[in-house]
Amino acid sequence: MAMIQFKNISKWYGSFQVLTDCSTQLQKGEVVVVCGPSGSGKSTLIKCANGLEPFQQGELLVNGVSVGESKTNLPKLRSQIGMVFQHFELFPHLSVMQNLTLGQTRVLGRSQDEADQKAKLLLDRVGLAVHAQKFPGQLSGGQQQRVAIARALAMDPIAMLFDEPTSALDPEMVNEVLDVMVALAKEGMTMMVVTHEMGFARKVSDRVVFMDAGRIVEDCAKEEFFGAPRSPRAQEFLSKILSH
Amino acid sequence: MNLDLSFYSWEVISRYILQGFSFSIQLTIIATLGGLFFGTLLALMRLSSNRWLQLPAAAYVNTMRSIPLVMVILWFFLLIPFMIGRPIGAELSATITFIAFEAAYFSEIMRAGIQSIPRGQVFAGQALGMTYSQNMRLIVLPQAFRNMLPVVLTQTIILFQDTSLVYAIGAYDLLKGFELAGKNYGRPIEAYLLAAAVYFVICFSLSLLVKRLQEKIAIIR
């Protein structure tokens with residue numbers, strides 16, 4: 001059974017259709033990169049997976065639980081899936097440490113001690129242990145995004161969603177974030193990553209999903225996608241972003 | 001015309017002014033806290049997606065904000081005894097009125113404050129598995145309160161000035177204290193001048209404080 005399964009997902013904003021009939025899946029331990037031109041619905045699709053964006057048609061299963069079902073306990077489902085956002089979204093009124101422990105204590109019911117220990121371990125892992133007592137606003141973009149990844153990992157998620165994690169970063173900070181993500185992928189974390197970082201896709205992804213105008217145009221193994229994408233739209237996209 | 005301020009002694013202060021002063025301060029603090037509490041609830045109702053929460057809250061806020069305070073004070077003074085079947089004191093009536101009235105103003109401040117928090121913050125809280133109430137209490141409201149604190153305090157200063165309107169129902173506040181002292185010593189003009197000076201000093205120094213605070217508490221983003 002797939003960890004996350006999208007079955008014919010369609011979504012409208014008013015009369016404007018943003019997602020059309022999107023089907024794909026994420027197996028346990030798999031790393032899937034979602035790419036495509038801006039406005040193609042990538043971020044919307046990934047936000048559907050933990051119910052941050054509602055959808056009107058189709059079925060979405062996370063670990064066998066239907067996300068769209070009204071009786072589904074969404075908070076509980078979300079607590080099992082880590083999410084990393086384009087603009088980090090650390091809580092600016094809380095210290096780095098508190099950012100990492102809040103969900104653990106309030107949502108998972110861990111003790112403060114246990115949460116602190118876990119947080120320290122993860123901060124150490126992303127190389128930011130010395131900044132534990134600082135506030136997010138005192139960190140660089142790259143550091144903030146690494147804290148955000150650690151915050152998501154602190155919940156011991158069964159899968160991680162990344163929504164353009166590096167596209168708001170200054171170029172020199174992109175790699176420090178990608179390094180953390182590559183390490184995570186190599187450890188076997190189940191990941192769905194919306195990104196334009198084709199280097200990352202080549203290095204660690206298992207599959208690539210290419211979207212255009214709200215549709216999944218291509219969904220294939222990495223080698224196939226970079227070797228010979230079938231759709232002209234994907235060929236054009238690749239030639240544009242890989243040409244320099 | 002000669003101004004003679006010599007009547008303004010410690011005796012006058014302790015006999016007439018202190019009681020009124022303490023009521024004005026008490027009314028200001030209680031109305032601010034109560035107004036913030038109910039104002040936050042009203043703001044959450046107005047921002048909810050449920051029409052049956054939205055509409056009554058909007059109607060209440062718009063009504064309160066469209067009626068002069070002095071009329072609300074009078075109405076409540078007449079209405080509350082009618083509704084509960086026995087008379088209540090002017091001070092208690094004033095307190096209830098001010099909480100109800102300020103709730104409308106604070107709700108607009110809180111609504112703006114809540115809306116100023118980027119949507120992504122709500123998403124981030126949700127993504128961690130927080131419920132609506134946890135997200136509000138731990139993520140959104142603390143940030144909104146902090147952003148809104150200067151505006152809230154400014155409203156509190158206005159509220160302190162507005163407490164003088166309770167003269168309409170004869171409650172014993174700061175202004176009333178000066179008025180009585182002026183009457184009893186035959187110095188009404190001096191008494192009103194002194195009252196103005198006291199209001200000015202309190203409000204002006206508070207507004208300076210708000211300015212200082214504003215620079216201090218801004219969240220680093």
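Residues numbered from 1 in each chain as written. Chains lettered and ligands numbered in written order. Predicted model: local features only at pLDDT ≥ 70, side-chain atom pairs only at ≥ 80, totals over all residues. Heavy atoms only, no water.

So, unusual backbone geometry
Heads up, the rule is: Note on conventions: DSSP H or I runs of at least 4 residues are helices, E runs of at least 2 residues are strands, and numbering of each starts at the N terminus.
In this model, N8 of chain A sits at a positive phi of 50 degrees, which is unusual for a non-glycine residue. Positionally, N8 of chain A belongs in strand β1 (residues 4–13).

Concerning the interface of chain B and chain A
Rule in force here: Contacts are assigned to residue pairs that have any heavy atoms within 4.5 Å of one another. Buried area: the sum, over both parts, of the accessible surface (1.4 Å probe) that disappears when the two are put together. The working definition used for a salt bridge is a side-chain nitrogen of Lys or Arg within 4 Å of a carboxyl oxygen of Asp or Glu. Residues adjacent in sequence count toward polar contacts only when both atoms are side-chain atoms; beyond that, a polar contact is any pair of N or O atoms within 3.5 Å, and within protein one must be able to donate a hydrogen and the other to accept it. Side-chain classes are defined by residue name, with Ala, Val, Leu, Ile, Met, Phe, Trp, Tyr, Cys and Pro counting as nonpolar, Asp, Glu, Lys and Arg as charged, and the others, Gly among them, as polar.
Listed as interface residues are 21 residues of chain B and, on the opposing side, 23 residues of chain A. Of the roughly 2000 Å² buried at the junction of chain B and chain A (both faces included), carbon and sulfur atoms supply 67%. A per-residue breakdown of the area chain B buries against chain A is headed by F123, A127 and L128 of chain B, which together make up 30% of the total. On inspection of chain B and its partner chain A, the count reaches 0 salt bridges. Counting the contacts that link chain B with chain A gives 4 residue pairs in polar contact (both at pLDDT 80 or more). If you list the elements that add at least two residues to the side of chain B that touches chain A, you get α5 (119–127) and α6 (132–162) of chain B. Broken down by class, the residue content of the side of chain B that touches chain A amounts to 10 nonpolar, 8 polar and 3 charged.

Looking at the sheet that holds strand β6 (residues 81–84) of chain A
For sheets, the rule is that strands pair by backbone hydrogen bonds, running either parallel or antiparallel. Residue and element names in this part refer to chain A. Heads up, the condition is: Strands were regarded as paired on the criterion that DSSP finds at least two bridges between them. Axes here mean lines fitted to C-alpha atoms, for a helix over just the part in contact, with angles spanning 0 to 180 degrees between N-to-C directions.
The sheet built from 6 strands is open, its strands ordered β6-β7-β8-β3-β9-β10 with mixed pairing. The open sheet has two edge strands with one neighbour each: β6 and β10 (215–221). The average undirected angle you get between the axes of adjacent strands in this sheet is 15 degrees. Across the sheet, helix α5 (residues 141–153) touches β6 and β7 (159–163), and the angle it forms with β6 is around 170 degrees. Most of the contacts of helix α9 (residues 232–242) go to strand β9 (residues 207–212), to which it runs at about 100 degrees, and overall it touches β3 (31–35), β9 and β10.

Details of the pairing of β6 of chain A
Walk down a regular strand and you will see the side chains alternate between the two sheet faces. Residues and elements named next belong to chain A. Our working definition: Accessibility here uses a 1.4 Å probe with only protein chains present; expressed as a share of the type maximum, an area under 20% marks a residue as buried, one over 50% as exposed, and anything in between as partly exposed.
The side-chain alternation of β6 yields two buried faces, one formed by I81 and M83 and the other by G82 and V84. The sheet contact formed by β6 and β7 spans 4 bridges and is parallel. By the bridge assignment, I81 is partnered in β7 with A159.

Remarks on the pattern of salt bridges
One pass over the structure, following the stated rule, counts 20 salt bridges over all chains. The salt bridge partner of E11 of chain B is R15 of chain B, with a shortest N-O separation of 3.3 Å. On the criterion of helical spacing, the pair formed by E11 of chain B and R15 of chain B is a turn pair, its members being 4 residues apart in helix α1 (residues 10–47). On the accessibility criterion, E11 of chain B (42% relative accessible area) is partly exposed. Sharing partners across several salt bridges, the network here consists of D212, R233, E236 and K240 of chain A.

Thoughts on the pairing of strand β2 (residues 16–26) of chain A
Residues and elements named next belong to chain A. As defined by bridge partners, β1 adjoins β2 across 7 bridges and the pair is classed as antiparallel. Across the sheet, residue Q5 finds its bridge partner in β2, namely Q25. Counted between consecutive antiparallel strands, the loop separating β1 from β2 contains 2 residues, among which G14 sits at a positive phi close to 65 degrees.

Brief notes about the layout of surface pockets
To keep things clear, this is the line we draw: Grid spacing is 1 Å over the protein atoms alone, the probe is 1.4 Å, and a cavity is where that probe fits but cannot get out, while a pocket is an open set with protein on both sides within 12 Å along at least five of seven lines and lining residues have an atom within 4 Å of a point. Grid points are joined across faces, edges and corners, and a volume is the space filled by probe spheres set on the points.
By volume, the largest pocket is sized at about 660 Å³. Contributing to the lining of the largest pocket are 21 residues, with V122, Q126, Y132, N135 and M136 of chain B lying nearest its centre. When contributions to the lining of the largest pocket are tallied by element, the ones reaching two or more residues are α2 (74–79) of chain A together with α1, α4 (90–115), α5 and α6 of chain B. Classifying every residue of the lining of the largest pocket by side-chain character gives 13 nonpolar, 6 polar and 2 charged.

Examining the sheet that holds β2 of chain A
With antiparallel pairing, 4 strands are arranged side by side in an open sheet as β2-β1-β4-β5 (chain A). Every interior strand has two partners, whereas the edge strands, β2 and β5 (65–66) of chain A, have only one.

Describing empty space enclosed by the protein
Scanning all chains against the criterion turns up 1 cavity of 30 Å³ or more. Quantified by volume, the largest cavity comes out at close to 60 Å³. Taken together, R78, S79, I81, G82, M83, F85, R151, A152 and M155 of chain A together with A124, A127 and L128 of chain B make up the full set of residues lining the largest cavity. For the lining of the largest cavity, the secondary structure elements donating two or more residues are α2, β6 and α5 of chain A together with α5 of chain B. Among the elements that take part in the lining of the largest cavity, β6 of chain A stands out by supplying 3 residues, more than any other. The residue makeup of the lining of the largest cavity, split by class, is 8 nonpolar, 2 polar and 2 charged.

The values are spatial; any link to function lies outside them.
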